[in-house]
Amino acid sequence: MAELNTGDGGGGKDKKVRSKKQNSKVDLTAMVDLAFLLITFFMLTTTLSKPKAMELGLPDKEDPNVKNQNIKVDENRTMTILLGDNNKLVRYVGLLATPVAGGAPKEFTYGKDGIRKELLDRKKSVLAYSTAKGKPKNGMIVIIKPSKKSNYRNLIDILDEMGIVEVPTYAIVNDFSPEETKLLEGK
Amino acid sequence: MAVKTSKKAASIDMTAMCDVAFLLLTFFILTATAKVPEALPVDMPASTVQSKLPESNLATLTIGKGKVFFDLKGKEVRVQTLEKMAEKYGVEFTDEDKKEFSLMEGFGVDIASLKSIIEMKSAERTKANQPGVPKDSLNNQLADWLRIARQANIDINDKELEIAIKGDAKEEYPSIRKVMDILQDQGVNSFSLVTGLRGKDF
C-alpha cells in the first residue's frame, strides 16, 4: 500500500537496488500527527468561535406624556449601580439621601472580588429581610444606571454579573439625578 | 534472516490511520463555515452566557466608532427587504444588484449610495470606509430597514425576526442606547447582545 514503487530496473548496479529497497516504505507517522493536529484545530474552532448571545428584555417604553410610574418599592430591597467612565462603578442601597445601613455610596471594581461579593451579600440580607416580613419571594432589585461616559463592556459586564448572581429583578434606567452625576464625578 | 523480519515488524502500517485522519480532516474543513469578512470589525466584550446566537431569522446591528452597520440573514429576506426599501426611497436596483446584495455581508451606508457599495468587490468594501446607516431623527433609515426586514421575515419565514446588537467593547453607552431606543420605538423590547466567551471563573 504505502510502498513506493521502486521500479524493477534490475539492470542497475547491485548497490543501487539495495539502497532503494531499504526506504521503500514511507513513514506516515508524521503525516498522521499533522492530520490529527489539524482535525483538532478545526473541531475546536468550529464549535468554540461561535458568538454567544445574551438575552435582554426591556420594559415597554412608556409614553412621556403619561406619568403613572408611582410604583412603591421597598427601599431596603433596591440597590442602585452607577456606571461611570474608566470602569468606575459606584453602588448604593436604598435612597441616595438616606441609604440603608451599610449601603452608603461606595466604589467597587468589576468581577469576582468586587461587585460580585457585594451583590451576593446584599442578596442574602435582602432575602433575610423579606423572609422576616413574611414575603420571601420579594428578592433584591438592582437598578443599573449607565452614565453617558460608560462603555458597552461595562454594561455587558454588569448584566453578566446579574446572570451569575441570579438577581431576580434588574432594570436599566437612563435617568440620572444631579446628585448621582455629582457622585460619579466627585470621587 | 531472523533479524530482517523483526525489523519489518517494528514499523506499523499507518496507511489506514492516515486515511481516516484525512477523511475527518476533510469533513471538518468542509463543514466549517468560512468566516465572512465583516464590514465593521468590532471587539466584542466577553460574558459567561452559554446560549448561542441563532443562525437564521436574525438581523445584526453592529455598532462601533459611532457607526451602525446592518446585516440580515437569509437570501430571500434580504432581496425582499432591498426591494421594499428601494421602493420607499425611490432607488433603482437591477436584478444583479439584488443577487449580489443577497450574498454580501453587512453594510453601513445611506441607501442612495448602497448601489456603489454593492458593485464593489468584497475586499474593497471593507476599505470603503462606510459611514454607517443614517439613524438620526430626520433621516432614520435604520428604523426603516428594521421595520421592513421584520415584515419581510414574517412574509417569508413566518417568524418574528430576532435582533442582535453587536457592539464594540469600547463603544460609549449613548450610541448603544440610541439603537436600543430605535428598537423600542418599534415595540422590539427583547433582543440579544452578542458577546464572546469568557472562562467560568471570571
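Values in this document were obtained by computation on a predicted structure and should not be read as measured data. (Residues numbered from 1 in each chain as written. Chains lettered and ligands numbered in written order. Predicted model: local features only at pLDDT ≥ 70, side-chain atom pairs only at ≥ 80, totals over all residues.)

So what about the overall build of chain A? Which residues, and what values?
Looking only at helices and strands, one finds five helices and six strands in chain A. Seen in sequence order, chain A has helices and strands lined up from the N terminus as α-α-β-β-β-β-α-β-α-β-α. Looking at chain A residue by residue over its 187 residues, the buried ones come to 24%. Sequence-distant contacts, at least 24 apart, represent 59% of the contacts inside chain A between residues at least 6 apart. (Helix = DSSP H or I, 4+ residues; strand = E, 2+ residues; numbered from the N terminus. Buried ≥ 20, exposed ≤ 12 C-beta atoms within 10 Å, placed from the backbone. Contact = placed C-beta atoms within 7 Å.)

Tell me about the domain arrangement of chain B, residues and numbers included.
Partitioning chain B into structural domains gives domain 1 (2–31) and domain 2 (46–197). Computed over C-alpha atoms only, the centres of domain 1 of chain B and domain 2 of chain B are separated by 49 Å. (Domains from an automatic or database assignment.)

Talk me through the confidence of the model for chain B; I want residue IDs and the actual numbers.
Residues and elements named next belong to chain B. For chain B, per-residue confidence averages 83 on the pLDDT scale, and 91% of positions sit at 70 or higher. When pLDDT is averaged over each helix and strand of chain B, the minimum, 53, is found for helix H1 (residues 2–10) and the maximum, 89, for strand E4 (residues 162–167). Of the two predicted TM-score estimates for the complex, the pTM is 0.75 and the ipTM is 0.76. (pLDDT = per-residue confidence, 0-100.)

I'd love a proper account of unusual backbone geometry, names of residues and values included.
A positive phi angle is found at Glu 166 of chain A, which is not glycine, with a value near 60°. Relative to the helices and strands, Glu 166 of chain A is located in the loop between helix H4 (152–165) and strand E6 (169–172). Positive phi, normally seen in glycine, also occurs at Asp 158 of chain B, with a value near 60°. Its place among the elements puts Asp 158 of chain B in the loop between helix H7 (141–157) and E4.

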